[in-house]
Amino acid sequence: MARTRLVIDTDPGVDDAVAILLALASEELDVLALTCVAGNVDVDKTTLNARRLLDLAGRRDVIVARGCAAPLVGELDEAGDVHGVDGLGDIEWPDPLTPEGPEHAVDLIARLAHEAPLTIAAIGPLTNLAVLLARYPGVESRVERVVIMGGSSFAGNVTAAAEFNIWADPEAAARVFSATWPITLMPLDLTHQATLDDGDLAYLRGLGTEVGRRTAAILEPYAAYHDQWYGNRDVIMHDAMAIYELLVPEAIEKQGAHVVVETGGVHTRGETVIDRRRGFAASPTRVGVRLDNVRFVSFLRERLARYPLD
Ligand code: RIB
Ligand code: CA
């Protein structure tokens, strides 16, 4: 079976970390690069965290590219309290051996897309992708599809209306959703169905692997944050949904929709307006609706267990 040529555009981020480790454990995906963007923490930290994760996964073959340091409009407003000050749970890490590549994230994505059809998993703010569209007109025809974790059909997580990845750069998101490339969107109303509980963290700790121990460790502050905000420690695997969609598309029920992003709005800036009316049933933009968490967790456990034992 042909492997999917994949770039993961990311702001690691502890749930980004799970998504990245899932992708790297899956032979179906040819992960070419991690392109980093400011989001959960600044781009210095997201780029360093990408290098740390590739060291952890033993995948120094994957290119790390630094991307945009700020949204198209305004300033970066980090989510550090959710992912820790360093963006990766504030645990100790050795200095990474995986180097930072010489190319800017946008130029690397364009080069890889020019070489052969490319899939992009976008699991952070969409600034890099908006700049890609502006700097390389027509690049979207070289992209097979963009799987985006972002947005929400009903309630946001940063404001009542806006989800973080969209809220962090609404102008970039609006540009990305108005391009002609096929988009598969994993909004909050889907991702909130995908959670790991303390039993799953204990399973990871007990795997006898560095990946298992570190994944459980970085998710601990995230579990405490969930307890504070949602009243339980079940950690929501937002970003892993983009990778799960690439690996087991039939496991996520989807429907056609038309998606636009509110960039004005005193109270609604960053809202995704997802139009699911029947007229959009055949839209190339597909939106995740439903999944079975038992099936997802079983799949994730099996894949993360593939990393080498101590
Ligand atoms: O709203 C969830 C998204 O915001 C995820 O990508 C998470 O990593 C944060 O960036
Ligand atoms: Ca993210």
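Small disclaimer: the values here were computed from a predicted structure and weren't measured.

The rules we used
Residues numbered from 1 in each chain as written. Chains lettered and ligands numbered in written order. Predicted model: local features only at pLDDT ≥ 70, side-chain atom pairs only at ≥ 80, totals over all residues. Heavy atoms only, no water. 1 Å grid on protein atoms, 1.4 Å probe; cavity = no way out; pocket = protein on both sides within 12 Å on 5 of 7 lines; lining within 4 Å. Points joined across faces, edges and corners; volume = space filled by probe spheres on them. Helix = DSSP H or I, 4+ residues; strand = E, 2+ residues; numbered from the N terminus. Salt bridge = Lys/Arg side-chain N within 4 Å of Asp/Glu carboxyl O. Buried < 20%, exposed > 50% of the residue type's maximum accessible area, 1.4 Å probe, protein only. Near = heavy atom within 4 Å. Polar contact = N/O pair within 3.5 Å; in protein donor to acceptor, adjacent residues only side chain to side chain. Areas by Shrake-Rupley, 256 points an atom, 1.4 Å probe, with all protein chains shown as cover. Nonpolar A, V, L, I, M, F, W, Y, C, P; charged D, E, K, R; others polar. Pairing = 2+ DSSP bridges. Axes fitted to C-alpha atoms, helices over the stretch in contact; angles between N-to-C directions. Contact = heavy atoms within 4.5 Å.

## Some points on empty space enclosed by the protein
Taken as a whole and assessed by the stated rule, the structure comprises 1 cavity of 30 Å³ or more. Lining of the largest cavity is provided by Leu196, Asp200, Leu204, Val297, Leu300, Arg301 and Leu304. The set of elements that each furnish at least two residues to the lining of the largest cavity consists of helix H9 (198–205) and helix H12 (293–304). Take the lining of the largest cavity: its biggest share by element is 4 residues, from H12.

## What about the pattern of salt bridges?
Inspection of every chain in the model, using the stated rule, returns 26 salt bridges. In this structure, the salt-bridge partner of Glu100 is Arg66, at a minimum N-O distance of 2.9 Å. With Glu100 in the loop between helix H3 (80–83) and helix H4 (105–115) and Arg66 in strand S3 (residues 63–66), the pair connects residues that are 34 residues apart, well separated along the chain. Residue classification places Glu100 among the partly exposed residues on the basis of a relative accessible area of 32%. Its relative accessible area of 26% is what places Arg66 among the partly exposed residues. Ionic pairing is found between Glu302 and Arg306, a salt bridge with its closest N-O pair at 2.9 Å.

## Structural notes on the site of ligand 1
Taken together, 13 residues lie near ligand 1, and Asp15, Asp16, Asn157, Glu163 and Asp239 sit nearest. At a separation of 2.8 Å, an oxygen atom of ligand 1 approaches a polar side-chain atom of Asn157. In this structure, Glu163 approaches ligand 1 through a side-chain N or O atom, which is 2.6 Å from an oxygen atom. Out of a free accessible area of 270 Å², ligand 1 has 96% covered by protein chains. Looking at the shell around ligand 1, the elements with two or more residues in it are helix H1 (14–24) and helix H6 (164–167). Partitioned by chemical class, the residues of the shell around ligand 1 number 3 nonpolar, 5 polar and 5 charged.

## Some words on the sheet that holds strand S9 (residues 252–256)
The 8 strands lie next to each other as S3-S2-S1-S4-S5-S6-S12-S9, forming an open sheet whose pairing is mixed. Pairing within the sheet leaves two strands with one partner each, and these edge strands are S3 and S9. The sheet shows a mean angle of 25 degrees between the axes of neighbouring strands, taken without regard to direction. Here strand S6 (residues 183–186) pairs with strand S12 (residues 286–291) via 2 bridges, running parallel. By the bridge assignment, Leu185 is partnered in S12 with Val287. With respect to the sheet, H4 is in contact with strand S1 (4–10), strand S2 (29–36), S3 and strand S4 (118–122), its orientation differing from that of S2 by roughly 155 degrees. The sheet contacts of helix H5 (residues 127–135) involve S1, S2, S4 and strand S5 (143–149), and relative to S4 the element is tilted by about 140 degrees.

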